[in-house]
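# Per-entry structural report
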Amino acid sequence: MKILGIETSCDETAAAVVEDGARILSNVVVSQIDIFKEYGGVIPEVAARSHLEAMMPVVNKALSDASCNWDDIDAIAVTHAPGLLGSLLIGTLTARTLAILHDKPLYAVHHLKSHVYANWLDSTGENRLSPASGPLKSACPSFSPSARLKPIFPLIALVVSGGHTQILYMAGHNQFEIIGTTNDDAVGECFDKVAKILGLPYPGGPSIAKAALTGDASKYKFPHPKVPELDFSFSGLKTAVLRAVQKEVGVPISYPSHQLKELLNPKQVADFAASFQKTAVDILIEKLKMALEQHPDVKSVVVAGGVSANEVLRKALKEAYFPAPKLSGDNGAMVAAAAYYEVQSGVKSTDPYSLNIYPRVSIEK
Ligand code: KG4
Ligand code: ZN
């Protein structure tokens, strides 16, 4: 079954053709990063306008890269939630129109499901040959990292993106239970905000990771938030970095945060980036271990979302499944993969005349 997946929830215009939820025939991603670097973040109206311009060329390239015409496509899948309202509208209106025009079944997919299903795509998996021991194995004796190609159920998914930080329990395909979530900022958002304080370009995750390469991760100590159970909080960590930077450069807490970067030298930036990154990764691993202790039946752990591209996180969690780095961020292939498993689970296609968007809806709905 060949599915055309369309993704426009934030600032990437993406389309891909995927066969049977695994084999990527094409994967086209046009990023708006260069536009938003100038502003230091996404401007929703500009994002929607850029999606509108890029959308059809991206879809057409996805079809031609896959050597497909419309007769070869069995279904269309599109992100309808959550995300930026204007961005979601462009993707869904495109998918609805194409589904009507070419008479194809249409599947509406939740963005976080798609991120999780990036772990079922074939080209993923330098971490597939998992070591027998590591931080996760010691937390959960029945956890069995193996050389299997696909994750096995029941599993725990750590979803770490710019908008979400959640721990999900999956008993089987297309079954998602939220067992932990952030009370405030998402971890990716925290990377982005800390990067701003340090004067590093948007998006903050990759800039922090790069700056951290030459930094000393033990230079600054930041406290782990005291959040009960499997929930997270990242706004305190951002404030802790802000206060430490103010202290380091000798200014009061009332000093404008956007001017701090002018007082930092490259060594201090690298040390702050490395120390912050280590703390963020340690917090994620701490909660993941706790989740495994509470769910001793779990057989695999998958990590998903933009922050799963982070090398320090990948190295620390060798036993977990990660998407290939280029599939960690937003793309259409993961949307097609998620839709394939919805079809396999008996989910019915949606009416292209009435499909709605939901900028803020939970994966459990
Ligand atoms: O999943 P994604 O592409 O979009 C959302 O659904 O939000 O995630 C984007 C987030 C941004 O906050 C970005 O800074 C972060 O992922 N990110 C990273 C890395 N690459 C992207 N965070 C840490 N390390 C990275 N290498
Ligand atoms: Zn995403």
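In case you missed it, the structure is sitting above this.
In this report, the structure presented in the accompanying data block is examined. (Residues numbered from 1 in each chain as written. Chains lettered and ligands numbered in written order. Predicted model: local features only at pLDDT ≥ 70, side-chain atom pairs only at ≥ 80, totals over all residues. Heavy atoms only, no water.)

## Some thoughts on the coordination of the zinc ion (ligand 2)
Just so we agree on the cut-off: Any N, O or S atom lying within 2.8 Å of the metal counts as a donor, with the limit raised to 3.2 Å for Na, K and Ca; because water is left out of the atom set, some sites can appear incomplete. Secondary structure elements are taken from DSSP: a helix is a run of H or I of four residues or more, a strand is a run of E of two residues or more, and numbering for both begins at the N terminus. When a residue's accessible area, from a 1.4 Å probe over protein chains only, is under 20% of the maximum for its type it is buried; when over 50% it is exposed; and in between it is partly exposed.
Here the zinc ion (ligand 2) is held by the protein donor atoms His-111 (NE2), His-115 (NE2) and Asp-330 (OD), which lie 2.0 to 2.1 Å from it. For the zinc ion (ligand 2), the donor residues sit on a single chain with the sequence spacing H-x3-H-x214-D. Highlighted residues: His-115 in helix 4 (residues 111–117) and Asp-330 in the loop between helix 10 (311–316) and helix 11 (332–344), separated in sequence by 215 residues. Of the residues examined, His-115 reaches a relative accessible area of 1% and is grouped as buried.

## As for the pattern of salt bridges
Side-chain pairing between opposite charges can occur once the charged atoms of the two side chains come close. Let me state the cut-off plainly: We count a salt bridge whenever a side-chain nitrogen from Lys or Arg sits within 4 Å of a carboxyl oxygen from Asp or Glu.
Summed over the entire model, instances satisfying the criterion amount to 8 salt bridges. Across the salt bridge formed by Glu-19 and Arg-23, the nearest N and O atoms sit 2.8 Å from each other. Residue classification places Arg-23 among the partly exposed positions, given a relative accessible area of 46%. Taking the shortest distance from any N to any O, the salt bridge between Lys-278 and Asp-282 comes out at 2.6 Å. Of this pair, Lys-278 and Asp-282 both sit in helix 9 (residues 266–294), 4 residues apart, which is roughly one turn of that helix. The exposure class of Asp-282 is partly exposed, given its relative accessible area of 28%. Connected via shared salt-bridge partners are Asp-185, Glu-189 and Lys-193.

## Focus on helix 11
What counts is decided by this rule: Multiplying one less than the number of residues by 1.5 Å gives the expected span of a helix. Between two residues, a contact is recorded if the distance between any of their heavy atoms is within 4.5 Å. The definition of a polar contact used here is a pair of N or O atoms within 3.5 Å, where within protein one atom must be able to donate a hydrogen and the other to accept one, and adjacent residues in sequence count solely through side-chain atom pairs.
Over its 13 residues, helix 11 runs 19 Å from end to end, which matches the ideal 18 Å to within 8%, given 1.5 Å per residue. When you tally the buried positions in helix 11, you get 11 out of 13 residues, the bulk of the element. For helix 11, every residue scored as buried is listed here: Gly-332, Ala-333, Met-334, Val-335, Ala-336, Ala-337, Ala-338, Ala-339, Tyr-340, Tyr-341 and Glu-342. The elements touched by buried residues of helix 11 are strand 1 (2–7), strand 2 (12–19), strand 3 (23–31), strand 4 (75–81), strand 5 (106–110) and helix 4. Regarding helix 11, its N-cap is Asn-331, as a side-chain oxygen of that residue lies 3.0 Å from the backbone nitrogen of Ala-333 further along. Where helix 11 ends, the next residue or the one after it, Gly-346, has phi of about 90°, a positive value.

## Quick word on the nonpolar core
Rules: Residues belong to one nonpolar core when they are buried, are Ala, Val, Leu, Ile, Met, Phe, Trp, Tyr or Cys, and are joined through side-chain atoms within 4.5 Å.
Membership of the largest hydrophobic core comes to 57 residues, with the highest contact counts inside it found for Ile-156, Leu-198 and Phe-276. Residue assignment for this core shows that the elements contributing at least two residues are helix 5 (135–139), strand 6 (155–160), strand 7 (165–170), helix 6 (187–198), helix 7 (204–212), helix 8 (235–249), helix 9 and strand 9 (300–304). Broken down by element, the residue count for this core peaks at 13 residues, all from helix 9. Grouped together as the second largest cluster of nonpolar side chains are 34 residues, Val-116, Val-335, Ala-337 and Tyr-340 included.

## Points about the site of ligand 1
Cut-off, in case you're wondering: Here a residue counts as near a molecule or strand whenever at least one of its heavy atoms sits within 4 Å of it. In this count, Pro and Cys sit with the nonpolar residues alongside Ala, Val, Leu, Ile, Met, Phe, Trp and Tyr, while Asp, Glu, Lys and Arg are called charged and the others, Gly among them, polar. For the domain bounds, the source is a domain assignment made automatically or taken from a database.
The local shell around ligand 1 holds 19 residues, among which His-115, Gly-162, Asp-192, Gly-205 and Gly-306 are the closest. Within the backbone of Gly-162, one N or O atom sits 2.8 Å away from an oxygen atom of ligand 1. Asp-192 is positioned with one of its side-chain polar atoms (N or O) 2.7 Å from an oxygen atom of ligand 1. Contributing elements (two or more residues each) for the shell around ligand 1: helix 4, helix 6 and helix 7. Broken down by element, the residue count for the shell around ligand 1 peaks at 4 residues, all from helix 6. Residues of the shell around ligand 1, tallied by class, amount to 4 nonpolar, 12 polar and 3 charged. Each of domain 1 (2–118 + 326–344) and domain 2 (128–322) contributes no fewer than three residues to the shell around ligand 1.

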